[in-house]
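# Per-entry structural report
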Amino acid sequence: MAKAIVSKSKVVFRQSMDDFGRIMEMLRAKRYSRTYLLMGEEPYFIDRISDYISENVLSEEEKSFNRTVLYGNETNVVDLIELCRGYPMLSAYNVVVVKEAQRLRGIEQLVEYLKVPMDTTLLVLCYKEGNLDKRSALYKKLSETGTVFESVRPRDYEIGTWILELFRNKGRSIEPKAVSMLVENLGTELSKINNEVEKLFTRLAPEEKEIRAEHIEQNIGISKDFNNFELTKALSERDAKKALLIVGHFAQNPKDNPFVVTIQALFSHFLRLFTLGIVIWNSKAKRAPMPGDAELMRLLKVSSAYFLKEYRQAVVHYNSTRSFAVLGLLREYDMKSKGIGGGTAGDGELLKELVIKILAL
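Now for a look at the structure at hand. (Residues numbered from 1 in each chain as written. Predicted model: local features only at pLDDT ≥ 70, side-chain atom pairs only at ≥ 80, totals over all residues. Heavy atoms only, no water.)

Now for the sheet that holds strand 1 (residues 35–40). Read from one edge to the other, the open sheet built from five strands follows the order 2-3-4-1-5, with strand pairing classed as parallel. Of all strands in the sheet, those bounded by a partner on one side alone are strand 2 (67–71) and strand 5 (147–151). The sheet shows a mean angle of 10 degrees between the axes of neighbouring strands, direction not considered. The sheet contact formed by strand 1 and strand 5 spans four bridges and is parallel. (Pairing = 2+ DSSP bridges. Helix = DSSP H or I, 4+ residues; strand = E, 2+ residues; numbered from the N terminus. Axes fitted to C-alpha atoms, helices over the stretch in contact; angles between N-to-C directions.)

Quick look at the structure:
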């Protein structure tokens, strides 16, 4: 049996990514644990691990007699323990997968089985929507007998790194603009992004190794010219013509470009500019060297040096005072879009007015 993977500290998304990679490596090498507790709020990693075990540990012939998939709200612990204590038929392993394990009543009773778990049984508990109590006897026993994996949801600024690794693992690369297009239009739902990427790959020739914005536009239906990435870039460069052209497109296509999403994108953008402006001011005031790229990327919460370069260029136009004023405008227009002081203006009008005021600062 494989050595267990158990985190003893607070888990962050980066650690979930790394632990997922290690577990998948062990599974591909056929190094199995007797038990797997896959828990957390991000279902993508949990599903990937459990599906791999369910589909790959046993041969097609062995699955008929030695694979059981249960649902927490449709079974009971007594029956589950009985299944786990059974011997496999003409196979090295008996695979028992419990989906929605958080709905399994009396789950703590599994401690009795875990006192002497079967070496021939792989028990997989898919505990979604949260974590099993780490103070409980069950959690401690699962930590002793097998692999405990905690799946943490990513924050918006962490998605880019995951997308880069997703493409790298599939033998391809993707340019930063294309990454931003995916993040802005698909959000932080990993399964949704993965599904769209899988569809993309079925439409591209195998020799297409570098994914560009054109590929995303043509195959996923996201405009490469009219998106929040291009809007923030136009504002960074104080390109009024381009910014207003994008805003006009947004007004004509409100369903594809929700005002609230654009406000969020602009707020994140100018908050980073404000932060960079403060860092520059402090450096000059203290006559100290500027932090290195790695530290600046951490402070600004960006995943690529490509984006850091853009912020360094943009801060010339937006020092901390000006970017702070933009943040104030964004708060004001966010309230107007919710009916507070906005009059009868629609989202398209409000966005155009907001962009004009930002460019006028």
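Here the focus is the pattern of salt bridges. Per the counting criterion, the structure on display carries 28 salt bridges. One salt bridge connects K63 with E55, and the closest N-O pair in it is separated by 3.2 Å. Here K63 makes a salt bridge to E60, at a shortest N to O gap of 2.8 Å. In this pair, K63 and E60 are both assigned in helix 3 (residues 60–66), three residues apart and thus about one turn of the helix distant. For K63, a relative accessible area of 6% gives the class buried. Among the charged side chains, a salt-bridge network with shared partners connects E55, E60, K63 and R67. (Salt bridge = Lys/Arg side-chain N within 4 Å of Asp/Glu carboxyl O. Buried < 20%, exposed > 50% of the residue type's maximum accessible area, 1.4 Å probe, protein only.)

Moving on, we get to the packing of aromatic side chains. Enumeration according to the criterion identifies eleven aromatic pairs in this entry. Here the aromatic rings of Y44 and F45 are separated by 5.4 Å at their centres, their planes lie at 70 degrees, and the arrangement is edge-to-face. The residues Y44 and F45 share a single accessibility class, namely buried. Centroid distance Y44 to W162: 5.4 Å. Interplanar angle 85 degrees. Geometry classified as edge-to-face. Within this pair, whereas Y44 is found in helix 2 (residues 43–56), its partner W162 is found in helix 7 (residues 159–169), the two being separated by 118 residues in sequence. We note that Y44, like W162, is buried. (Phe/Tyr/Trp six-rings, centres within 6.5 Å; stacked < 30°, edge-to-face > 60°.)

Positionally, A243 belongs in helix 12 (residues 240–252). In sequence terms A243 and N228 are 15 residues apart; their C-alpha atoms lie 10.0 Å from each other. If we skip the residues at most four places from it in the chain, A243 touches L231, A234, L235 and V355. (Contact = heavy atoms within 4.5 Å.)

Now for the nonpolar core. Counting residues in hydrophobic clusters, the biggest one holds 45 residues, and the most contacted among them are F45, I49, W162, I163, F167 and I216. With sequence-adjacent residues up to four places away left out, I163 is seen in contact with I174, V179, L182, V183 and I193. The next biggest cluster of nonpolar side chains, apart from the first, holds 36 residues, and it includes F229, L235, V247 and L350. (Core = buried A, V, L, I, M, F, W, Y, C linked by side-chain atoms within 4.5 Å.)

Along the chain, the position of I358 falls in helix 17 (residues 347–360). Look at I358 and you get buried, because its relative accessible area is 0%. Along the backbone, I358 and I263 are 95 residues apart, and their C-alpha atoms lie at a distance of 13 Å. In this structure I358 touches L235, R238, F270, Y318, V326 and L329, once residues within four positions along its chain are discounted.

Bringing helix 11 (residues 228–236) into the picture now. Across the nine residues of helix 11, eight count as buried, placing the element largely inside the fold. Inspection of helix 11 places N228, F229, E230, L231, T232, A234, L235 and S236 among the buried residues, and these make up the whole buried set. A distance of 3.0 Å separates the backbone nitrogen of F229 from a side-chain oxygen at the start of helix 11, and that oxygen is part of N227. Residue R238 follows helix 11 closely and has a positive phi angle near 55 degrees. (Polar contact = N/O pair within 3.5 Å; in protein donor to acceptor, adjacent residues only side chain to side chain.)

Before going further, it helps to examine the layout of surface pockets. For the largest pocket, the calculated volume is near 620 Å³. Those elements giving two or more residues to the lining of the largest pocket turn out to be helix 8 (176–186), helix 11, helix 13 (259–285) and helix 15 (305–314). Sort the elements by how many residues they give to the lining of the largest pocket and helix 13 lands first, with six residues. Of the residues that constitute the lining of the largest pocket, the class distribution is nine nonpolar, nine polar and five charged. (1 Å grid on protein atoms, 1.4 Å probe; cavity = no way out; pocket = protein on both sides within 12 Å on 5 of 7 lines; lining within 4 Å. Points joined across faces, edges and corners; volume = space filled by probe spheres on them. Nonpolar A, V, L, I, M, F, W, Y, C, P; charged D, E, K, R; others polar.)

The next thing to look at is the packing of helix 11 against helix 15. Between two packed helices, the angle of one axis relative to the other and the distance separating the axes together describe the packing. Where helix 11 meets helix 15, the closest approach of the two axes is 9 Å, and the angle between their N-to-C directions is 35 degrees. Across the interface between the two elements, F229, T232, K233 and S236 of helix 11 pack against Y306, F307, E310 and A314 of helix 15. Partitioned by chemical class, the residues of the contact of helix 11 with helix 15 number four nonpolar, two polar and two charged.

Consecutive side chains of a regular strand alternate in pointing toward one face of the sheet and then the other. When you tally the buried positions in strand 3 (residues 94–99), you get five out of six residues, the bulk of the element. As judged from the five bridges shared by strand 2 and strand 3, these two strands associate in the parallel manner. Its bridge partner lying in strand 3, R67 is registered against V95. The parallel pair strand 2 and strand 3, bridged by helix 4 (residues 77–84), forms a crossover whose chirality is right-handed. (Right-handed = clockwise from strand over helix to strand, strands pointing away.)

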